[in-house]
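# Residue-level structure breakdown
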Amino acid sequence: QVQLVESGGGLVQAGGSLRLSCAASGTIFSINVMGWYRQAPGKQRELVAASTRGGGTNYADFVKGRFTISTDNAKNTVYLQMNSLKPEDTAVYYCAVDGRFPDAAGTRRYWGQGTQVTVSS
């Protein structure tokens, strides 16, 4: 069984910064993509940023220039540095890992439990 443990959420004032971390543990054959999604109340879950094992990154337009995704492949950990936070960034942030694991024949996705980020105005 694979577990994703997130940390780093909290309450911050507009313009402030937070750093989220997500560590994957358990039996992992390979990881293709690590990323972050968010879900605000009443809204669908949306992609924030993703990083491929080869080093490619993808950002949602609403975070470009403010958020940075990075990974530590040796530790199967993904980070999200969030700067210049806005009240509209308030949401539950979920990490996601796509890869090959013992419990599936092909690739599958695991989700973290979510961490609340609240930005006050």
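Reference entry: report on the structure contained in this document. Since the model is a prediction, treat every value here as computed from it, not as a measurement.

Cut-offs and rules
- What you see as residue numbers is a count from 1 along each chain, following the sequence as written.
- For a predicted model such as this one, the threshold for reporting local features is a pLDDT of at least 70, and the threshold for listing and counting side-chain atom pairs is 80 or more; totals across whole chains, interfaces and linings nevertheless cover every residue.
- In computing side-chain values, all of the structure's heavy atoms are included and hydrogens and water are not.
- Starting at the N terminus, helices and strands are each numbered in turn, a helix being any DSSP run of H or I of at least four residues and a strand any DSSP run of E of at least two.
- C-alpha atoms define the radius of gyration in this analysis, and the globule rule sets the expected value at 2.2 Å times the number of residues to the power 0.38.
- Only protein chains enter the calculation, and the probe is 1.4 Å; a residue is then buried if its accessible area is under 20% of its type maximum, exposed if over 50%, and partly exposed in between.
- Two residues qualify as a contact provided that any one of their heavy atoms is within 4.5 Å of a heavy atom in the partner residue.
- Only the protein chains shown count as cover for residues, and the accessible areas themselves come from Shrake-Rupley with a 1.4 Å probe.
- Counting rule applied: Lys, Arg positive; Asp, Glu negative; His and chain ends not counted.
- Charged groups are reduced to one reference atom each: NZ for lysine, CZ for arginine, CG for aspartic acid, CD for glutamic acid.
- Here, a disulfide means two cysteine sulfur atoms that sit within 2.5 Å of each other.
- Between Lys or Arg on one side and Asp or Glu on the other, a salt bridge is scored when a side-chain nitrogen of the former is within 4 Å of a carboxyl oxygen of the latter.

With that settled, the discussion passes to the overall build of the protein chain. In terms of regular secondary structure, the protein chain is built from zero helices and eleven strands. Mapped in sequence order, the helices and strands of the protein chain form the string β-β-β-β-β-β-β-β-β-β-β. For the protein chain, the C-alpha radius of gyration of 14 Å lies close to 14 Å, the compact-globule estimate for 121 residues. Overall, the protein chain is about 45 × 25 × 20 Å in size when its C-alpha atoms are taken along their principal axes. A total of 121 residues make up the protein chain; the buried ones form 42% of that total. Of the contacts formed within the protein chain by residues at least 6 apart in sequence, a portion of 55% connects residues at least 24 apart. Taken as a whole, the protein chain presents about 6,200 Å² of accessible surface, with 47% of it coming from carbon and sulfur. Averaged over its 12 positive side-chain charges, the protein chain has a centre that lies 2 Å from the centre of its 8 negative ones.

Take the state of the cysteines next. Applying the stated criterion to the full structure yields one disulfide. Linked covalently through their sulfurs, C22 and C95 form a disulfide whose S-S length is 2.0 Å. When the S-S torsion is 40°, as for the bridge of C22 with C95, the disulfide is right-handed. Here C22 is found in strand 3 (residues 18-25), whereas its partner C95 is found in strand 9 (residues 91-100), with 73 residues between them in sequence.

The full count for this structure, using the stated rule, is six salt bridges. D89 is the partner of R38 in a salt bridge, and the nearest nitrogen-oxygen pair spans 2.9 Å. Placement of R38 in strand 4 (residues 30-39) and of D89 in the loop between strand 8 (77-82) and strand 9 is noted, with a sequence separation of 51 residues between them. The buried category is assigned to D89, whose relative accessible area is 0%. Among the ionic pairs, R108 bridges to D103, the shortest N-O distance being 3.0 Å. On the accessibility criterion, R108 (31% relative accessible area) is partly exposed. Residue classification places D103 among the partly exposed residues on the basis of a relative accessible area of 43%. Each of R38, E46, R66 and D89 takes part in a single network of salt bridges with overlapping partners.

Distances and angles like these do not, on their own, reveal function.
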